[in-house]
Amino acid sequence: MRRIWILLIAVAFVCGGLACFAIAQEAPKKSDNWLKDAADDAERFTLIEKMFGGFSGAMQIVGERYLRTYDAITDGNFDLANYHWKKIKDAIELGYLRRPARKAHADALFLNGPWRSAEEAILSKDKGKASAEAFLTARAACMTCHAAEQVAFMNDQPMFRNTAAFPER
Ligand code: HEC
């Protein structure tokens, strides 16, 4: 009886091993060279486009730099505010390079108007102008674009609530 059990267990091991071997044989060749290994350029370009993402990646950067701009104006560090504000424009332009459908609203509602006015105000290094007049107008334009692009829910978050006014210093 014991012999039969040992035999059965041995057979199970051998079969298991063979099954694993078969799976390993069937699996497609994988390496870290995900672009080189693509079948052709069409597949390669699709992979690159996927890797860059869409508009939301750009917006994540914009959101972060928006907060840093707010802090920099609050601190009276206009060079830093200017640095982040310019990069917000770059990020939005790269965003609509990837998602052209976003370009019309981004240009009309933000970049061609409020972004530019805020840029001028930041460069003037006048805190009153940069904060109350320019930044807050640009903030409203961010929110208008979210509504226009059917993502109004974006506006109901601390990022916008906490930047509705500047602290007195
Ligand atoms: C084209 C008009 C447009 C403008 C201008 C715009 N946004 Fe957006 N924003 C969007 C859209 C559309 C999404 C959703 C993206 C998606 O679904 O891929 C978004 C998403 C976001 C998100 C969420 C990103 C994430 O996925 O984590 C943040 C944060 C954000 N926007 C902040 C801002 C701020 C701050 C400004 C102004 C400085 C701004 N947006 C200006 C259209 C805009």
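Scroll up to find the structure.
About the cut-offs
- Residues numbered from 1 in each chain as written.
- Predicted model: local features only at pLDDT ≥ 70, side-chain atom pairs only at ≥ 80, totals over all residues.
- Heavy atoms only, no water.
- Donors = N, O, S within 2.8 Å, 3.2 Å for Na, K, Ca; no water.
- Tetrahedral: all angles 85-135°; square planar, octahedral: opposite > 155°, others 65-115°.
- Helix = DSSP H or I, 4+ residues; strand = E, 2+ residues; numbered from the N terminus.
- Buried < 20%, exposed > 50% of the residue type's maximum accessible area, 1.4 Å probe, protein only.
- Expected span 1.5 Å × (residues − 1).
- Contact = heavy atoms within 4.5 Å.
- Near = heavy atom within 4 Å.
- Polar contact = N/O pair within 3.5 Å; in protein donor to acceptor, adjacent residues only side chain to side chain.
- Salt bridge = Lys/Arg side-chain N within 4 Å of Asp/Glu carboxyl O.

### So, the coordination of the iron atom of the ligand
1) Next: At the metal site, the iron atom of the ligand is ligated by Met59 (SD) and His146 (NE2), and these contacts range over 2.1 to 2.3 Å.
2) Next: In this structure, the iron atom of the ligand is coordinated by 6 donor atoms arranged in octahedral fashion, with angles at the metal of 84 to 180 degrees. Placement of the pair is Met59 in helix α3 (residues 55–75) and His146 in helix α6 (residues 127–148), with a sequence separation of 87 residues.
3) Next: We classify Met59 as partly exposed; its relative accessible area is 26%.

### As for helix α4 (residues 78–98)
1) Next: With 21 residues, α4 should reach 30 Å at 1.5 Å per residue; the first-to-last C-alpha distance of 31 Å fits that figure.
2) Next: Regarding α4, the residues found buried are Phe78, Ala81, Asn82, His84, Trp85, Ile88, Ala91, Ile92, Gly95 and Tyr96.
3) Next: Against α3, α5 (103–124) and α6 lie the buried residues of α4.

### Points about the site of the ligand
1) Next: Around the ligand, a shell composed of 17 residues is seen, among which Met59, Gln60, Cys142, Cys145 and His146 lie nearest.
2) Next: Here His146 contributes a side-chain N or O atom positioned 2.8 Å from a nitrogen atom of the ligand.
3) Next: Elements represented by at least two residues in the shell around the ligand include exactly α3, α5, α6 and α7 (158–161).

### A closer look at unusual backbone geometry
1) Next: The phi torsion at Lys125 lies on the positive side, around 60 degrees, for a residue other than glycine.
2) Next: Examined against the element boundaries, Lys125 turns out to sit in the loop between α5 and α6.
3) Next: Taking relative accessible area as the criterion, Lys125 reaches 45% and is therefore assigned partly exposed.
4) Next: Here Gln150, not a glycine, exhibits a phi torsion of approximately 65 degrees, which is positive.
5) Next: The residue Gln150 is located in the loop between α6 and α7 in this model.
6) Next: Residue classification places Gln150 among the exposed residues on the basis of a relative accessible area of 66%.

### What to know about the pattern of salt bridges
1) Next: With the rule as written, the count across this model stands at 9 salt bridges.
2) Next: Here Glu93 makes a salt bridge to Lys89, at a shortest N to O gap of 3.1 Å. Linking Glu93 with Lys89, this pair stays in helix α4, spanning 4 residues, or about one helical turn.
3) Next: Residue classification places Glu93 among the partly exposed residues on the basis of a relative accessible area of 29%.
4) Next: Between Arg161 and Asp156 there is a salt bridge whose closest N-O contact spans 2.9 Å.
5) Next: A cluster of three or more residues bridged by salt bridges with shared partners is formed by Glu64, Arg68 and Asp71.

### Some details on the environment of Cys142
1) Next: Inspection of the secondary structure assignment puts Cys142 in helix α6.
2) Next: Remark: the alpha-carbon pair of Cys142 and Phe160, spanning 18 residues in sequence, is separated by 9.3 Å.
3) Next: Excluding its chain neighbours within four sequence positions, the residues that come into contact with Cys142 are Tyr66, Phe110 and Phe160.

### Focus: the environment of Ser56
1) Next: With respect to the helices and strands, Ser56 occurs in helix α3.
2) Next: A residue is classified by how much of its surface remains accessible, and Ser56, at 57% relative accessible area, is exposed.
3) Next: In the structure, Ser56 is positioned 39 residues away from Gly95 in sequence and 7.9 Å away in space, judged by C-alpha atoms.

That is the geometry; function is a separate question.
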